[in-house]
Amino acid sequence: MIIAEVLGRWSGGTHRTPRRRVWLLAAAYGLTIANLYYCQPLLPRMAHAYAGSSVGYLTTVVQVGYALALVLVVPLGDIVRRRPLVCLLLLAEAAALAATATAPTAGALLAAGTVIGLAGAGVVNILVPYAATVAADHERGRVVATMLSGGLVGILLSRTIAGLTAEFFGWRVLYLAAAAVALLLAAALARAMAPSAAEVPIGYAAQLRATLRLATSEPRLRRRSLIGACVFGAFGVFWTTVAFLLAGPPYRYGEAEIGLFTLVGVAGALAAKAAGRAADRGWQRPSTGVLLVLGVASFGATAAGSRSLPWLVAGLLVLDVAVHGTHLLNMSVVYGLVDGARSRVASVYMTFYTLGGVAGSAAGAAAYRSGGWAAVSATGAAFMAAGLAAWAPEARGSSRADDAGEPDRAAAPPVLRSGAVRRRGLPGRRDRGGAGRSGFR
């Protein structure tokens, strides 16, 4: 992954996580997250197979399952053994994918979709903190960036794969193939993930309380989570509605052409590699501001793209650089706030992030119905502007007050950030329940 080559080349240290393991984890991330997005371009075809219009709620129930997993399943990554947990979730997802392919009724389809969202969210949001934990400090940024690159490519290519597969083989074949892939991933990760004890040996209720405590006690986590929610909301505004724009005049694209359009998004995501260089140099704060400004501007280009494909492509490229670059910078900050038990961080940050995407999707659909593509572009710009407003206190230096006079951890190397956590007594190597970290997971 191009992003991975430049993000996180921290100086010092000799331990390196095996590259093949990192790439396997990234592939598992991308292939699993794609399962949650296959349905989006296939809803019209799937609706023909069932009476009624309830199939249209499939994307909603997938999102509901995803959100439930972030709150209820992801925190398990710190308190149970991760390898059997991930494999169990992959087996559950494989069963749900097969059930989707063979669902006799729309109700059964929706039930299976909920499980796909829940199990898929559990897998991907446990794998990322797992990768961050097994990586040494000097390579953590590179490893996490590789994971995120796999996820971004999986999301953006899922629509293309779904459209082309459904065109030639039918949508049921796609879901059967996805179920087989999930089984293969479970077998591969069972061999690749090292066996280990629970990182934080406390109970489930105590873990949920510790996660809530982290969210309420760490202002930078809250701020970065809010920024992430805003940029992913803008992302949702665009991608929820662009298919309607491309299907209508003047473009009049078919399913396959709309699916291929998402390849432009892959190029934009890979172009966000500059955010990696900024993270390497401790420039998370100013770089975030620059990317958010670019995000606002990108919707000016997309507005002009209502009748001009070059403007639409240019706006999408800049938007993806802004969204994915900001996400990478956010992750480099929040995973440095604790020195262990990172599933708690993932639960908090990704819950905000996902809710932002849900809000953006709903707002984008409403904007398109009420004011067309111009209203969509204005709504997307508003989400980006809200993220810029959330970032503004950092630009004014108020985050130093949040840190109670400590050094700026967003700009410090990971080792210093970990030390800051121990000085502050945040849930890290030792949580408030007294449990210690038991090694890499």
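Please read these numbers as outputs of a predicted model, since none were measured by experiment.

*Asks:* Could you clarify how one ought to interpret the overall build of the chain in this entry?
*Replies:* Counting its secondary structure elements, the chain contains 18 helices and 0 strands. Across the 441 residues of the chain, 58% fall into the buried class. Sequence-distant contacts, at least 24 apart, represent 84% of the contacts inside the chain between residues at least 6 apart. By element, 68% of the accessible surface of the chain is carried by carbon and sulfur atoms, the whole surface being about 16400 Å².

*Asks:* How should I be thinking about the environment of A363 in this particular structure?
*Replies:* Looking at where A363 falls in the secondary structure, it is placed in helix α16 (residues 342-395). Measuring from C-alpha to C-alpha, the distance between A363 and G233 comes to 8.7 Å, with 130 residues separating the pair along the chain. Setting aside its immediate chain neighbours within four residues, A363 contacts T379 and F383.

*Asks:* When you look at the packing of helix α2 (residues 19-34) against helix α9 (residues 171-192) in this model, what are you seeing that I'm missing?
*Replies:* What describes two packed helices is the angle between their axes and the distance between those same axes. Taken N-terminus to C-terminus, the directions of α2 and α9 make an angle of 155°; their axes are 11 Å apart at the nearest point. Taken as axis vectors, α2 and α9 run roughly antiparallel relative to one another. Considering only the axes of α2 and α9, their crossing is left-handed. In this structure, α2 contributes R21, L24, L25, A28, L31 and T32 to the contact, and α9 contributes V181, L185, A188, L189 and A192. Along the lines of polarity and charge, the residues of the contact of α2 with α9 split into 9 nonpolar, 1 polar and 1 charged.

*Asks:* Hey, could you run me through the packing of aromatic side chains in this one?
*Replies:* For the coordinates displayed, the defined rule picks out 11 aromatic pairs. Among the aromatic residues, those joined into a ring-pair cluster are F232, F235, F238, W239, F261, Y349, Y353 and W373.

*Asks:* How should I be thinking about a nonpolar patch on the surface in this particular structure?
*Replies:* A contiguous nonpolar surface patch, about 590 Å² in accessible area, is contributed by L164, F168, F169, V173, L260 and L263. Mapped onto the nonpolar patch, the elements with two or more residues apiece are α8 (140-168) and α12 (255-270). Within the fold, L263 resides in helix α12. A residue is classified by how much of its surface remains accessible, and L263, at 39% relative accessible area, is partly exposed.

*Asks:* How should I be thinking about the environment of L291 in this particular structure?
*Replies:* In this fold, L291 is placed in helix α14 (residues 284-304). For L291, a relative accessible area of 10% corresponds to the buried category. Remark: the alpha-carbon pair of L291 and G325, spanning 34 residues in sequence, is separated by 7.1 Å.

*Asks:* Please clarify how the pattern of salt bridges should be interpreted in this entry.
*Replies:* Think of it this way: side chains of opposite charge can pair up when their charged atoms draw near. One pass over the full model with this rule turns up 5 salt bridges. R82 is paired through a salt bridge with E199; the nearest N and O atoms lie 3.0 Å apart. In this pair, R82 is assigned in helix α6 (residues 82-102) and E199 in the loop between α9 and α10 (204-217), connecting sequence segments 117 residues apart. With a shortest N-O distance of 4.0 Å, E394 and R223 are connected by a salt bridge. Of this pair, E394 sits in helix α16 while R223 is found in helix α11 (residues 219-247), placing the two residues 171 residues apart along the sequence. R223 shares its class with E394; the two are buried. Put simply, D78, R82 and E199 are held in one network by salt bridges that share partners.

*Asks:* How should I be thinking about the nonpolar core in this particular structure?
*Replies:* Note on soluble globular proteins: their nonpolar side chains tend to be buried together. Formed by 113 residues in total, the largest nonpolar core has its most connected members in M46, L58, L127, Y175, F238 and M384. Excluding anything up to four places from it in sequence, L127 contacts L25, A28, Y29, V86, M147, L189 and M193.

*Asks:* Is there a simple way to explain helix α7 (residues 106-134) in this structure?
*Replies:* Because each turn of an α-helix spans 3.6 residues, side chains separated by three or four positions end up pointing in the same direction. Counted at 1.5 Å a residue, the expected span for α7 with its 29 residues is 42 Å, and the 42 Å between its end C-alpha atoms agrees. Within α7, 23 of the 29 residues are buried, which leaves it mostly tucked inside the rest of the structure.

*Asks:* How should the confidence of the model for the chain be read in this particular structure?
*Replies:* The predicted structure's coordinates, where accompanied by low pLDDT, should not be read in detail. With 81% of its residues at a pLDDT of 70 or more, the chain shows a mean pLDDT of 81. The secondary structure element of the chain with the lowest average pLDDT is helix α18 (residues 414-424), at 36, and the one with the highest is α6, at 96. The low-confidence segment residues 398-441, where pLDDT is below 50, has 105 contacts with residues more than four positions distant or belonging to other chains.

*Asks:* I'm lost on unusual backbone geometry in this one. Help?
*Replies:* What is expected of a backbone is that most residues other than glycine have negative phi and most peptide bonds are trans. Note that the residue after P249, namely P250, is joined by a cis bond; omega there is 5°. Of note, the phi angle at R252 is positive, near 55°, even though the residue is not glycine.

*Asks:* It is not clear to me how the side chain of S158 should be interpreted in this structure. Could you clarify?
*Replies:* Mapping S158 onto the fold places it in helix α8. The buried category is assigned to S158, whose relative accessible area is 0%. Ignoring any residue separated from it by four or fewer positions in sequence, one finds S158 in contact with A34, Y37 and Y38.

*Asks:* Explain the packing of helix α4 (residues 58-72) against α16 to me, please; I cannot follow it from the model alone.
*Replies:* The geometry of α4 relative to α16 is characterised by a closest axis approach of 9 Å and an angle of 160° between their N-to-C directions. The angle between α4 and α16 places the two elements in the roughly antiparallel class. Considering only the axes of α4 and α16, their crossing is left-handed. Residue-level contacts link Q63, Y66, L70 and V71 of α4 to S347, M350, T351, T354, V358 and S361 of α16. Split by residue class, the contact of α4 with α16 holds 5 nonpolar, 5 polar and no charged.

*Asks:* Would you take a moment to explain the environment of G30 for this structure?
*Replies:* Tracing the chain through its elements places G30 in helix α2. With 125 residues separating them along the chain, G30 and I155 place their C-alpha atoms 7.0 Å apart. Apart from residues lying up to four places away in sequence, G30 is in contact with G150, G151 and G154.

*Asks:* Just checking my understanding: could you explain α14 for this structure?
*Replies:* An ideal rise of 1.5 Å per residue puts 30 Å on 21 residues; α14 measures up with 31 Å between its terminal C-alpha atoms. What α14 keeps buried is the set Q284, R285, S287, T288, G289, L291, L292, G295, S298, F299, A301 and T302.

Conventions used here
Residues numbered from 1 in each chain as written. Predicted model: local features only at pLDDT ≥ 70, side-chain atom pairs only at ≥ 80, totals over all residues. Heavy atoms only, no water. Helix = DSSP H or I, 4+ residues; strand = E, 2+ residues; numbered from the N terminus. Buried < 20%, exposed > 50% of the residue type's maximum accessible area, 1.4 Å probe, protein only. Contact = heavy atoms within 4.5 Å. Areas by Shrake-Rupley, 256 points an atom, 1.4 Å probe, with all protein chains shown as cover. Axes fitted to C-alpha atoms, helices over the stretch in contact; angles between N-to-C directions. Parallel < 35°, antiparallel > 145°, perpendicular 65-115°, else oblique. Left-handed = near helix turned anticlockwise from the far one by under 90°. Nonpolar A, V, L, I, M, F, W, Y, C, P; charged D, E, K, R; others polar. Phe/Tyr/Trp six-rings, centres within 6.5 Å; stacked < 30°, edge-to-face > 60°. Patch = residues over 30% accessible without salt bridge, like charges linked within 9 Å, V, L, I, M, F, W, Y side chains within 5 Å. Salt bridge = Lys/Arg side-chain N within 4 Å of Asp/Glu carboxyl O. Core = buried A, V, L, I, M, F, W, Y, C linked by side-chain atoms within 4.5 Å. Expected span 1.5 Å × (residues − 1). pLDDT = per-residue confidence, 0-100.

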